[in-house]
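Structural overview
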Amino acid sequence: MDAHERITRNTAEVVTEEEIETLADDPDGKRAYVGYEPSGVLHIGHMLTANKLIDLQEAGFEVTVLLADVHAYLNDKGSFAEIRSTAERMRDQFIAYGLDESNTQFVLGSDFQLDEDYTLDLHALELETTLARAERAMSEIKSGDSVKVSQAVYPLMQALDIPYLGVDLAVGGMEQRKVHMLARDVLPSIDREPPTSLHTPLIADLGTGRGKMSSSTGVTISMEDSREAIETKVNDAYCPPTADPDPTEEGVERENPVLQVFEYHVFPRFETVVVERPDEYGGDLEYEAYETLEADLESGELHPEDAKGALAAYLDRLIAPGREQLAE
């Protein structure tokens, strides 16, 4: 797998392809970043972008993880004391999950976002941005139903973080796309380069296959989950025998979240995936590529319940080191 393929695999979008190709031509020493509000416990959404950071490290990138304590405060996630107390725990969980500690820099937003130069540049961006434009950028990630002034500033800070961290590539889920497009629009107004960005897919709600998996609504999987809890959640997951399920009666599109987790979480981290089955049901199935597993589910060779059993086992292997770190 060459650098370009490793950088772009399992992505929903890169902006722009030409800029990504330039980075892939000489990735050594390039810097990528992703920002997270400190929440204390990693969940499957964090792990999806973390998988991409691991890909980038293997391609030659250095990685910066922004533990965005100021952003979390602006998004009404608690007091500064509460937020900062969780940031260190998140750092240890990322390392337990598989990030290369020697090639990962963890930065608190408050380390630089309260400095005078940053504040003045932020005010300059505020002068260039309408409230409606900032609200659109924040729409996918805000906390609560109504937009507060603090949340309108939030996406401008995300844009400004990119040049202040000195990174070449901004990474996020598709919910960050509007923020990154805002950054491309407004950063040139303060003589900063528009950022190259990479977006990972959104995984559907585990129980219904609709919308996106969320730690605040529906069912998600986190590093707090025991093996038994993982098995219960996966066994209850929506998993029709197809990668392209029919919409609901109301016309709402659905995905197969079990297959999505296999594709974006399991196969990037394991060279071979084994689905254990009794001999009377055909014996074990072994897969070296996600596409083969998907095809077997479609054909009926792989039963959804057997797929779920294997998924729970591999998720437990991924989560166990972080779970042990939390217990300590």
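Residues numbered from 1 in each chain as written. Predicted model: local features only at pLDDT ≥ 70, side-chain atom pairs only at ≥ 80, totals over all residues. Heavy atoms only, no water.

**A word on the packing of helix 6 (residues 116-128) against helix 8 (residues 149-165)**
Worth spelling out the cut-off: The axes are straight lines fitted to the C-alpha atoms, using for helices just the contacting stretch, and the angles between their N-to-C directions are given from 0 to 180°. Only DSSP runs of H or I with at least four residues qualify as helices, and only runs of E with at least two residues qualify as strands; both kinds are numbered from the N terminus onward. Each angle gets one of four labels, with under 35 degrees taken as roughly parallel, over 145 as roughly antiparallel, 65 to 115 as roughly perpendicular, and the rest as oblique. Helix crossings get a hand from a simple test, with the near helix turned counterclockwise from the far one by less than a right angle marking a left-handed crossing and a clockwise turn marking a right-handed one. For this analysis, residues touch if any pair of their heavy atoms sits within 4.5 Å. Gly counts as polar in this scheme, as do all residues outside two lists: the nonpolar Ala, Val, Leu, Ile, Met, Phe, Trp, Tyr, Cys and Pro, and the charged Asp, Glu, Lys and Arg.
With their axes 10 Å apart at the nearest point, helix 6 and helix 8 run at an angle of 125° to one another. As the angle between them shows, helix 6 and helix 8 are arranged oblique. Here helix 6 and helix 8 pass one another in a crossing that is right-handed. Note on element contacts: helix 8 touches helix 6 through Val153, Leu156, Met157, Leu160, Asp161 and Tyr164, opposite Asp117, Tyr118, Asp121, Leu122, Leu125 and Glu126. Here the residues of the contact of helix 6 with helix 8 are counted per class, giving eight nonpolar, no polar and four charged.

**Description of the packing of aromatic side chains**
Aromatic rings in a pair are described by how distant their centres are and how their planes are angled relative to each other. What counts, and what does not: Side-chain rings of Phe, Tyr and Trp (the six-membered ring for Trp) are treated as a pair once their centres are within 6.5 Å; stacked means planes under 30 degrees apart, edge-to-face means over 60, and tilted covers the remaining angles. Buried means the residue's accessible area, taken with a 1.4 Å probe over protein chains only, is under 20% of the maximum for its type, while exposed means over 50%, and partly exposed covers the values in between. For a ring to carry a charge above it, either NZ of a lysine or CZ of an arginine must fall within 6 Å of the ring centroid while also lying within 35 degrees of the normal to the ring plane.
With the rule as written, the count across this model stands at eight aromatic pairs. A ring pair is formed by Tyr73 and Phe80, whose centres lie 4.7 Å apart and whose planes are at 20°; its orientation type is stacked. In this structure Tyr73 comes out as partly exposed when scored by relative accessible area, which is 42%. Overall, Phe80 belongs to the partly exposed group, its relative accessible area being 25%. A cation over a ring is seen here: Arg192 above Tyr164, with NZ or CZ 5.1 Å from the ring centre.

**Digging into the pattern of salt bridges**
Formally: The term salt bridge refers to a side-chain nitrogen of Lys or Arg lying within 4 Å of a carboxyl oxygen of Asp or Glu.
For the coordinates displayed, the defined rule picks out 20 salt bridges. Here Arg6 ties to Asp55 by a salt bridge, and the two come within 3.9 Å at their closest N and O atoms. One end of the pair, Arg6, is in helix 1 (residues 3-8); the other, Asp55, is in helix 3 (residues 44-59), with 49 residues separating them in the sequence. Residue classification places Arg6 among the buried positions, given a relative accessible area of 19%. Close ionic contact of Asp69 with Arg84 constitutes a salt bridge, the shortest N to O distance being 3.3 Å. Taken as a pair, Asp69 in helix 4 (residues 69-74) and Arg84 in helix 5 (residues 80-97) lie far apart in primary sequence, 15 residues in all. Under the relative-accessibility criterion, Asp69 is labelled buried at 0%. Judged by relative accessible area, Arg84 falls into the partly exposed class, the value being 39%. Among the ionic contacts, a cluster of salt bridges with common partners joins Arg6, Arg9, Lys52, Asp55 and Glu58.

**Remarks on the UniProt feature "binding site: L-tyrosine" (unreviewed entry) in the protein chain**
Operational definition: UniProt positions are given in the numbering used here, feature names are shortened, and annotations may be inferred rather than shown by experiment. Side-chain atoms alone can form a polar contact between residues adjacent in sequence; in general such a contact is a pair of N or O atoms within 3.5 Å, and within protein one must be able to donate a hydrogen while the other accepts it.
Following the UniProt record, one finds the feature "binding site: L-tyrosine" (unreviewed entry) at Tyr33, Tyr154, Gln158, Asp161 and Gln176. The exposure class of Tyr33 is buried, given its relative accessible area of 4%. The contact partners of Tyr33, leaving out residues within four places of it in the chain, are Thr64, Leu66, Gln158, Asp161, Ile162, Leu165, Val167, Leu169, Ala170 and Val171. Examined against the element boundaries, Asp161 turns out to sit in helix 8. Among all residues touching Asp161, those that are not within four sequence positions of it are Tyr33, Leu66, His71, Phe112, Gln113 and Tyr118. Within the structure, Asp161 has its side chain in polar contact with the side chain of Gln113 (distance 2.9 Å).

**Some thoughts on the domain arrangement of the protein chain**
Rules: Per the annotation, domain bounds derive from an automatic or database assignment of domains. The term buried area means the drop in 1.4 Å probe accessible area that two parts suffer when joined, counted for both and summed.
Once the domains are mapped, the protein chain shows domain 1 (3-200) and domain 2 (227-327). A separation of 29 Å is found between the C-alpha centroids of domain 1 and domain 2. Tallying the contact residues gives 15 residues for domain 1 and 13 residues for domain 2. Taken together, both faces of the contact between domain 1 and domain 2 bury some 1,200 Å²; the carbon and sulfur share is 60%. Summed over the shared surface of domain 1 and domain 2, the number is zero salt bridges. Elements with a contribution of two residues or more to the side of domain 1 that touches domain 2: helix 3 and helix 5.

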